[in-house]
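Residue strings, one per chain:
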Amino acid sequence: MDKLKNDLRAELLVNMDVSVLGEQMWQLPVVTYKIAFARVKRLQMDILMKMLLLTFQEADIRRPAQLAEMLFVEELFIRDLIDKMKRTELIRVGAKGYELTDKGHGHLEKGIFEEEMDGGEALLSYSAAHDEYRLISESAPELDSKLAIYRYAIEGKADHGRVFELLTAEKNSTEESYQVIVTDVVQCEPIETIAIPCIEFQLYDQQQDIFYARVWNTSISTWDETLEKQIEEREVVQWRKAMEQPAEI
């Protein structure tokens, strides 16, 4: 970490007008969550299923054998398809026989069929300081008692709606003949608070007469403008006053 800090300082001081007023290292607390989500496979509705739904919509059908005779299709095949449509809640048995549900009407109109898949799992991190969500492949180090906590850290809880938005953006996929769609967040359980080490520099540009902060976020390996802005809004005035204060004799 010392080498990284030295390299960053050297990068900042390439500009001869810039001087370092102070520097420090601290850790940003970030909460990780275990996410479980439901998903479906969305396909174009095949011709036979569409024919069955249209028939149920227009005629009173009580027995699969009736459809088999009408469509010249094996009754066993018709039974399997009816079972699938009942299981996916496209149809139900009413007083006059099979009838479409609201979901069935909607799918028939759109020409799609959705089949449930096994649920998925993911690890997610939430930084309250950034109000930002990220999918992660593995957990980061836990908080280090030897390293100070970011002085403007705040607490916050993950929002299910925004978790769902992230999952749909990251986990939805399109294959050649179908789509995989995330339909719900089933579980959003906090696991632990992890530490993101950060390196902070407090700087002054003599040519432009400005004070500013640079913060290197090790989790994204770049300068973090969000954290820099938070520090500048609270401290730049103090830095200027400290510089303008006459030195004691």
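Scroll up to find the structure this text is about.
All values derive from a computational prediction rather than experimental measurement. (Residues numbered from 1 in each chain as written. Predicted model: local features only at pLDDT ≥ 70, side-chain atom pairs only at ≥ 80, totals over all residues. Heavy atoms only, no water.)

**Thoughts on the packing of aromatic side chains**
Item 1. Summed over the entire model, instances satisfying the criterion amount to 7 aromatic pairs.
Item 2. Look at W26 and Y150: their rings are 4.5 Å apart centre to centre, the planes differ by 25°, and that puts the pair in the stacked class. With W26 in strand β1 (residues 18-44) and Y150 in the loop between β6 (132-136) and α6 (160-171), the pair connects residues that are 124 residues apart, well separated along the chain. One exposure class covers both W26 and Y150, and it is buried.
Item 3. One aromatic cluster in this structure is built from W26, Y150 and Y152.
Item 4. Between K41 and the ring centre of Y178, over which it is positioned, the NZ or CZ distance is 4.7 Å.
Item 5. The cationic tip of R234 hangs over the ring face of Y152; the distance from NZ or CZ to the ring centre is 4.5 Å. (Phe/Tyr/Trp six-rings, centres within 6.5 Å; stacked < 30°, edge-to-face > 60°. Helix = DSSP H or I, 4+ residues; strand = E, 2+ residues; numbered from the N terminus. Buried < 20%, exposed > 50% of the residue type's maximum accessible area, 1.4 Å probe, protein only. Lys NZ or Arg CZ within 6 Å of the ring centre and 35° of its normal.)

**Side note on the pattern of salt bridges**
Item 1. On inspection of all chains with the given rule, the structure shows 12 salt bridges.
Item 2. Put simply, R151 and E235 hold a salt bridge, and the shortest N to O gap is 2.6 Å. Taken together, the residues R151 in the loop between β6 and α6 and E235 in helix α7 (residues 225-244) connect sequence positions 84 residues apart.
Item 3. The exposure class of R151 is partly exposed, given its relative accessible area of 32%.
Item 4. For E235, a relative accessible area of 8% corresponds to the buried category.
Item 5. Between E244 and R240 there is a salt bridge whose closest N-O contact spans 3.7 Å. In this pair, E244 and R240 are both assigned in helix α7, 4 residues apart and thus about one turn of the helix distant.
Item 6. Since its relative accessible area comes to 55%, E244 is described here as exposed.
Item 7. For R240, a relative accessible area of 26% translates into the label partly exposed. (Salt bridge = Lys/Arg side-chain N within 4 Å of Asp/Glu carboxyl O.)

**Here we look at the pairing of β6**
Item 1. With 5 bridges connecting them, strand β5 (residues 120-127) and β6 associate as antiparallel partners. In the strand pairing of β6, S127 is matched with E132. (Pairing = 2+ DSSP bridges.)

**Observations concerning α7**
Item 1. Its 20 residues place the ends of α7 26 Å apart at the C-alpha level, agreeing with the 28 Å of an ideal helix rising 1.5 Å per residue.
Item 2. Largest kink in α7: about 55°, centred on E235.
Item 3. Looking only at α7, the buried set comprises L227, E228, Q230, I231, E235, V236 and W239.
Item 4. For α7, the secondary structure elements touched by its buried residues are β1, β8 (178-205), β9 (210-217) and β10 (222-223).
Item 5. Capping the start of α7 is the job of one residue whose side-chain oxygen sits 3.1 Å from the backbone nitrogen of T226: D224. (Expected span 1.5 Å × (residues − 1). Bend = angle between axes of the 7 residues up to and from the residue. Contact = heavy atoms within 4.5 Å. Polar contact = N/O pair within 3.5 Å; in protein donor to acceptor, adjacent residues only side chain to side chain.)

**With respect to the nonpolar core**
A general feature of soluble globular proteins is that nonpolar side chains tend to end up buried together.
Item 1. Within the largest apolar cluster, 20 residues are counted, with the highest numbers of intra-cluster contacts made by L52, F56, I82 and M85.
Item 2. If you tally residues by element for this core, the top one is helix α2 (residues 47-58), at 5 residues.
Item 3. If you look at the next biggest cluster of nonpolar residues, it comprises 16 residues, including W26, C198, L227 and V236. (Core = buried A, V, L, I, M, F, W, Y, C linked by side-chain atoms within 4.5 Å.)

**As for the environment of A158**
Item 1. Position of A158 among the secondary structure elements: in the loop between β6 and α6.
Item 2. Here A158 falls in the buried class, since its relative accessible area comes to 14%.
Item 3. Remark: the alpha-carbon pair of A158 and T226, spanning 68 residues in sequence, is separated by 19 Å.
Item 4. Ignoring anything within four residues of it in the chain, the contact list for A158 reads Y33, Y126, Y133, V163 and C188.

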